[in-house]
Amino acid sequence: MATSRQHLKHKEKYEALLPSLPEYVQKYARFKESEDMSSSTLYNYLKDFIHFFKWLMVEGYTDAKEMKDIPTSVLEHLPLEDALFYFEKVKGEQVQKSKNETKTREKTSVNRKKSSIRSLFKYLTSQSEIRGTGEPYFHRNVMQKITVKKPNETLGERARKIADSIFIEDKDIEFLDFLKHEYEKGLSERKKSYFLRDKERDYAILSVFLSSGVRLNELADLRLRDINFETNRIKVIRKGDKTDVVQVIPDAMEDLREYLEVRKDRYKAGNEGHEYVFVTIYNGKTSPLSIRTIQDLVRKYTKVFNNNVAMSPHKLRHTYATNLLEETKDLTLVMEQLGHTSTSTTMLYVHSTQEKARRAAEALGERRKKLKDK
């Protein structure tokens with residue numbers, strides 16, 4: 001089974017965390033591995049446990065000097081009122097959004113922490129089995145009384161947010177044209193030299209995002225052997241480490257070809273099939289572009305074009321999906337192209353195209369009104 005670079009990295013990270021955590025958490029991690037929980041999810045869960053355990057130590061629920069020594073009895077006897085207080089504290093925490101900006105933790109983040117800790121308590125009270133007794137670590141599960149409330153948001157509202165945050169009509173094409181012909185005109189000579197060095201690479205990244213709907217990690221993990229110029233398709237690693245094939249707009253494949261023509265000389269990159277497609281060079285060493293670097297370059301270019309409003313790779317994916325559905329009216333095709341496993345997610349783009357149509361109708365109405373007023 002193919003494994004994404006991000007999952008391998010997260011596996012290394014959670015393996016490094018495990019020795020500092022109690023033995024029962026280590027057993028929990030092995031149990032979840034056997035259930036095929038993704039490395040990324042497990043890594044995030046362990047970080048949530050560390051946050052929770054640190055709170056237990058600071059608030060005096062345990063005399064343990066190190067997290068790995070916190071006994072299960074502390075979890076077994078944690079009062080419901082105190083558990084609720086912990087999540088209220090989590091809800092009010094300020095988290096770092098960027099280097100110079102913090103914000104209150106979002107509801108989705110709070111829910112994730114609830115879900116992860118509920119998962120640990122479920123394992124300890126019903127899924128674990130102590131050798132020789134056949135019994136779990138303990139039976140009282142206070143986290144079972146903690147509810148995970150999903151954001152109260154309709155499908156239409158979610159779709160409206162998508163429509164308000166993507167390139168609509170021909171803006172995606174205008175954006176690519178701006179990047180190719182106009183962007184460099186506003187740069188200093190120093191910044192311009194850096195841009196021209198990476199222009200073909202960065203342009204290919206943005207073009208592929210807008211022409212295929214691939215996810216960020218799917219693009220970052222792309223290797224030379226995954227590209228088929230004859231069929232205009234690329235092979236990607238989907239969620240769950242499943243391999244899939246994605247159709248790409250022909251023009252974007254040409255953009256990709258143009259980048260590959262300069263890739264070897266400009267980045268001293270190898271041409272073996274296993275080599276990553278998108279690379280950089282630093283201190284004479286070639287390495288694949290990180291997910292963070294790709295995110296940053298998407299935000300940088302879109303911010304300049306989009307009236308100082310940066311967009312994420314996920315918004316480019318939304319743009320492609322909306323345009324594909326509008327062009328084909330084929331929900332199944334959009335679902336397959338994006339790698340969705342549920343139609344409920346794909347249905348967002350039905351509402352999104354309807355929102356685009358509403359806004360277009362309003363614009364046309366304003367145009368007619370102006371003509372009448374003349």
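Residues numbered from 1 in each chain as written. Predicted model: local features only at pLDDT ≥ 70, side-chain atom pairs only at ≥ 80, totals over all residues. Heavy atoms only, no water.

Describing the pattern of salt bridges
- According to the stated counting rule, one finds 24 salt bridges in the structure shown.
- Salt-bridge contacts for Lys 11 lead to Glu 15; the nearest nitrogen and oxygen are separated by 3.3 Å. Here the residue Lys 11 and the residue Glu 15 both occupy positions in helix α1 (residues 5–17), the gap between them amounting to 4 residues, near one helical turn.
- Taking relative accessible area as the criterion, Lys 11 reaches 32% and is therefore assigned partly exposed.
- When the shortest N-O distance is used, the salt bridge between Lys 32 and Glu 35 registers 3.1 Å.
- Among the residues examined, Lys 32 registers a relative accessible area of 10% and is labelled buried.
- On the basis of relative accessibility, which here comes to 42%, the residue Glu 35 falls in the partly exposed class.
- Each of Lys 11, Glu 15, Arg 30 and Glu 33 takes part in a single network of salt bridges with overlapping partners. (Salt bridge = Lys/Arg side-chain N within 4 Å of Asp/Glu carboxyl O. Helix = DSSP H or I, 4+ residues; strand = E, 2+ residues; numbered from the N terminus. Buried < 20%, exposed > 50% of the residue type's maximum accessible area, 1.4 Å probe, protein only.)

Quick word on the sheet that holds strand β5 (residues 243–247)
- Taken together, the 3 strands give an open sheet; going across it, the order is β3-β4-β5, and neighbouring strands pair in antiparallel fashion. Looking at the sheet topology across the chains shown, the edges are occupied by β3 (227–228) and β5.
- In the sheet, β3 pairs with strand β4 (residues 233–237) via 2 bridges, with the strands oriented antiparallel. Pairing of Ile 227 across the sheet is with Ile 234, part of β4. (Pairing = 2+ DSSP bridges.)

Points about the layout of surface pockets
- In this structure, the second largest pocket spans a volume of roughly 560 Å³.
- As for the second largest pocket, its lining consists of 25 residues, and the residues nearest its centre are Asp 172, Ile 173, Leu 210, Ser 211 and Ile 249.
- Breaking the lining of the second largest pocket down by element, the ones donating at least two residues are α8 (171–181), α9 (189–212), α11 (250–267), α13 (313–328) and α14 (331–338).
- For the lining of the second largest pocket, the element with the highest residue contribution is α8, accounting for 6 residues. (1 Å grid on protein atoms, 1.4 Å probe; cavity = no way out; pocket = protein on both sides within 12 Å on 5 of 7 lines; lining within 4 Å. Points joined across faces, edges and corners; volume = space filled by probe spheres on them.)

Remember, this is a structural readout, not a statement about activity or role.
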